Amino acid sequence: MKTSGLLCLVGAVALFPLSIANGYNAFADDPKLKEDGLKLDALRQKSLDIILKNLDAEEEALKKAGKVANCTRENLSFRIEFGSMETEDRKAYTDAVTCLQSKEANTPESVSTGAKSRFDDFIVTHILQTPFVHYSGTFLGWHRWYLWVYEQALRDECDYEGPFPYWDWPKWAHAPQDSPIFNGDEFSMGSNGERIPNNTGIRPLLPWKKLGGGTIPIPPGFGGGCVQTGPFNNMVVNLGPVTLSNVTGPDGGLGHNPRCLKRDVGPLMAMRATNYTAVLETFKYSTISEYQTFLQGAPGSGGGGVHGGGHFTVSGDPAGDFYVSPGDPVFYLHHGQIDRLYTMWQGLDPETRQWSLAGTNTMLDEPASANTTLDDPLDLKYSGGGTVTMRDIMSTTKGPFCYVYV
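Described in the following lines is the structure provided in the data block.

What counts, and at which threshold
- Residues numbered from 1 in each chain as written.
- Predicted model: local features only at pLDDT ≥ 70, side-chain atom pairs only at ≥ 80, totals over all residues.
- Heavy atoms only, no water.
- Disulfide = S-S within 2.5 Å.
- Helix = DSSP H or I, 4+ residues; strand = E, 2+ residues; numbered from the N terminus.
- Buried < 20%, exposed > 50% of the residue type's maximum accessible area, 1.4 Å probe, protein only.
- Core = buried A, V, L, I, M, F, W, Y, C linked by side-chain atoms within 4.5 Å.
- Axes fitted to C-alpha atoms, helices over the stretch in contact; angles between N-to-C directions.
- Parallel < 35°, antiparallel > 145°, perpendicular 65-115°, else oblique.
- Contact = heavy atoms within 4.5 Å.
- Nonpolar A, V, L, I, M, F, W, Y, C, P; charged D, E, K, R; others polar.
- Salt bridge = Lys/Arg side-chain N within 4 Å of Asp/Glu carboxyl O.
- Phe/Tyr/Trp six-rings, centres within 6.5 Å; stacked < 30°, edge-to-face > 60°.

Let us now look at the state of the cysteines. Throughout the structure, instances matching the rule amount to 3 disulfides. The residue that forms a disulfide with Cys 99 is Cys 158, at a sulfur-sulfur distance of 2.1 Å. One disulfide, between Cys 99 and Cys 158, carries an S-S torsion of -80° and so falls in the left-handed class. Here the residue Cys 99 occupies a position in helix α3 (residues 87-102), and Cys 158 occupies one in helix α5 (residues 139-158), the gap between them amounting to 59 residues. In this model, Cys 226 is linked to Cys 260 through a disulfide, with the two sulfur atoms separated by 2.0 Å.

Printed below as a string of structure tokens:
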């Protein structure tokens, strides 16, 4: 369902507290989680109010100068929590993803023999650019751009007209496998994986010394096998793995390695790493360096922050693979939440946070590289989008963007 205008924004915002209240039902015996959820929602509303106020001021200033604003309240797009979307929009979204998986890849075989579809183009980009866009100055901006280019592919190549969804982790942390995202009905993102008896979880590799090296044990969920029902139950994963245990796919994960989509969704990792208290804690940090480090997990801490918490709530193959995780379509909902939190954080203090960067252009500065600047280019290669600079993508209401989260 295509939506636009201020009326839709007001309606969507009005619905949001109700959806959070529904999520509280499982936390009736945990007043702190409920309290932190309310605090988080207050920050969300405060941030949105500031973003809209500044948007109005910019439009008025341009009007006085005889110019027309590219982004206004009237043409804003709204990103919505997946479970709060109309069922027809959820179905249209997964149909568009399936459509993208049916289209011929742009990636040449000289780059990847495993890329078989436009959907795979995005996985190849992530595999090749991972060492430069995690634990780096580009982490948040690069993934914002990556999501937007993916969204445009769904719209331009597969005629999707609905809102772009995100996964609000804490809302469903008590039982993510039963959420509208993973419940396996026709309006979901597909089911959990088949239940594997005596499942012990996964142990993804951490082949970077500053992250501690070795492997990290991820507790099992309630699945572990192939997705059984709903959208993507017949999906073929073509690329990877790269960092799942000691198994690497052909050509370092870029070769053709067809297999089923596996998930191991469960509440243990979700309640540990992505509940309301954990998400609220991200807003204690006032500098971009502290903020993005907490999101990803401090190097050597043995944890992956809320970012890793979302990935490893899904777990399985390829979601549990550091390089190949976009091979599970739920990746884009997960990173929608990351971008939502980043947008909220920027919106709470735009004067000091809107253009703030920290870090270098390589993961944990290995090998040593220059500090990231606003003039550094981003190019997603065969995924599309052309070349932009970090400056172009620092605000969701400037440059190529015109969207907010509700």
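Here Gly 399 lies in the loop between β8 (387-389) and β9 (403-405). Given the relative accessible area of 57%, Gly 399 is considered exposed. Measuring from C-alpha to C-alpha, the distance between Gly 399 and Asn 70 comes to 8.5 Å, with 329 residues separating the pair along the chain.

Ranked by size, the top nonpolar core spans 95 residues in total, and within it Tyr 93, Trp 145, Tyr 150, Leu 154, Trp 167 and Tyr 332 carry the most contacts. Here the element with the most residues in this core is α5; it accounts for 12 residues. Residues Leu 244, Met 269, Ala 273 and Phe 312 belong to the second largest nonpolar core, which totals 8 residues.

Now for the packing of helix α4 (residues 118-133) against α5. Interhelical geometry of α4 versus α5 gives an angle of 170° and a closest axis separation of 12 Å. Relative to α5, α4 is oriented roughly antiparallel. The segment α4 lies against α5, with Arg 118, Phe 119, Phe 122, Ile 123, Thr 125, His 126, Gln 129 and Val 133 engaging Phe 139, Trp 142, His 143, Tyr 146, Val 149, Tyr 150, Ala 153 and Glu 157. Per-class residue counts for the contact of α4 with α5 are 10 nonpolar, 4 polar and 2 charged.

Attention shifts here to the pattern of salt bridges. Scanning the entire structure with this criterion turns up 18 salt bridges. With a closest N to O distance of 2.8 Å, Asp 121 and Arg 118 form a salt bridge. With Asp 121 and Arg 118 both in helix α4 and 3 residues apart, this pair spans about one turn of that helix. Residue classification places Arg 118 among the buried positions, given a relative accessible area of 5%. A salt bridge links Arg 144 to Asp 339; the nearest nitrogen and oxygen atoms lie 2.7 Å apart.

In total, this model carries 22 aromatic pairs according to the counting rule given. Aromatic side chains Phe 119 and Tyr 150 sit 6.4 Å apart centroid to centroid with 65° between the ring planes, which places their arrangement in the edge-to-face category. With a gap of 31 residues between them, Phe 119 in helix α4 and Tyr 150 in helix α5 connect regions that are remote in the sequence. An identical accessibility class is assigned to Phe 119 and Tyr 150; each is buried.

What follows deals with unusual backbone geometry. Geometrically, the link from Gly 240 to Pro 241 is a cis peptide bond, its omega value of -5° lying close to zero. A cis amide bond links Glu 366 to the next residue, Pro 367, at an omega of -5°. Counting through the fold element by element, Pro 367 comes out in the loop between α11 (350-353) and β7 (377-379). For Asp 159, which is not glycine, the phi torsion reads 60° and is therefore positive. Structurally, Asp 159 is set in the loop between α5 and β2 (165-166). Among the residues examined, Asp 159 registers a relative accessible area of 63% and is labelled exposed. In this structure, Asp 251 takes a positive phi of about 55° despite not being glycine.

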